[in-house]
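# Architecture at a glance
In case you want the letters, here they are:
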Amino acid sequence: MSERQVDSSKRTWLIASGCAGAVGGVAVAVPFVSTFQPSERARAAGAAVEVDISALKPGEKMTVEWRGKPVWIIRRTPEQVAALPKIDPQLADPKSERKPDELTPAYARNEARSIKPELLVVVGICSHLGCSPTDKFQTGAQPSLPDDWPGGFLCPCHGSTFDMAGRVYKNKPAPDNLEVPPHMYLSDTRLLIGEDKKA
Ligand code: FES
């Protein structure tokens, strides 16, 4: 976007907001750019989040915020874990091979997409246009879902469905599985989201 294309103050503001590093020549943008430093608050927003999962029972989900995104932590039941391989033929990317570095860290590139088989940690944002899917853990026939539904998530925006490992079903608007964020266990009951290497 060149300076010549800037034809109104509003437009200039949009460009300054979107391309802060590249607008030094636009005089009106300089005051804004000069304040564009990472604040303590912004650093905190990107920091890892420690979560106590001791109260999370089988079949339950909790949500924590990390970098402004909802991260779901779900303690799956043994039945939910056992059902995962059977769903593979219906999924777009059952082995999490697409965008592995972006969506599925190496330690979660397995059938359950998790470090511990029972504990799923995923970002609750649909890979289509960013809505947050709804829990549909109950199995069986129900509105908007197939009669043999094994439990998972339904995106209310355009109907994409995900299994209990956040893997997207075939032929849905969402192209990819839900993102597994970097994470690690500090103990059996404490989870760290946002970091996956021991210091
Ligand atoms: S945003 Fe989820 S299906 Fe479109």
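Above: the structure in question.
Residues numbered from 1 in each chain as written. Predicted model: local features only at pLDDT ≥ 70, side-chain atom pairs only at ≥ 80, totals over all residues. Heavy atoms only, no water.

### Some points on the sheet that holds strand E1 (residues 49–52)
In spatial order, the strands read E1-E9-E8; together these 3 strands make up an open sheet with antiparallel pairing. Since the sheet does not close on itself, it has two edges, and those belong to E1 and strand E8 (183–185), each with one partner. Each strand axis lies, on average, 20° off the axis of its neighbour in the sheet, ignoring direction. Pairing geometry for E1 and strand E9 (residues 190–193), over 4 bridges, is antiparallel. Note on E9: the bridge partner recorded for Val49 is Ile193. (Pairing = 2+ DSSP bridges. Helix = DSSP H or I, 4+ residues; strand = E, 2+ residues; numbered from the N terminus. Axes fitted to C-alpha atoms, helices over the stretch in contact; angles between N-to-C directions.)

### Topic: unusual backbone geometry
In the Ramachandran plot, Lys99 falls in the positive-phi region, its phi being about 40° despite a non-glycine side chain. Phi is positive for Arg113, close to 55°, though the residue is something other than glycine. Its location among the elements puts Arg113 in the loop between helix H5 (100–103) and strand E4 (119–123). Overall, Arg113 belongs to the buried group, its relative accessible area being 0%. (Buried < 20%, exposed > 50% of the residue type's maximum accessible area, 1.4 Å probe, protein only.)

### Here we look at the sheet that holds strand E3 (residues 69–75)
Hydrogen bonds between backbone atoms are what pair the strands of a sheet, whose relative direction is either parallel or antiparallel. If you walk across this open sheet you meet the 3 strands as E2-E3-E4, and the pairing is antiparallel. Taken across any chain shown, the strands that pair with only one partner, and hence form the sheet edges, are strand E2 (60–66) and E4. On average, each strand axis in the sheet is inclined to that of its neighbour by 20°, with strand direction left out of account.

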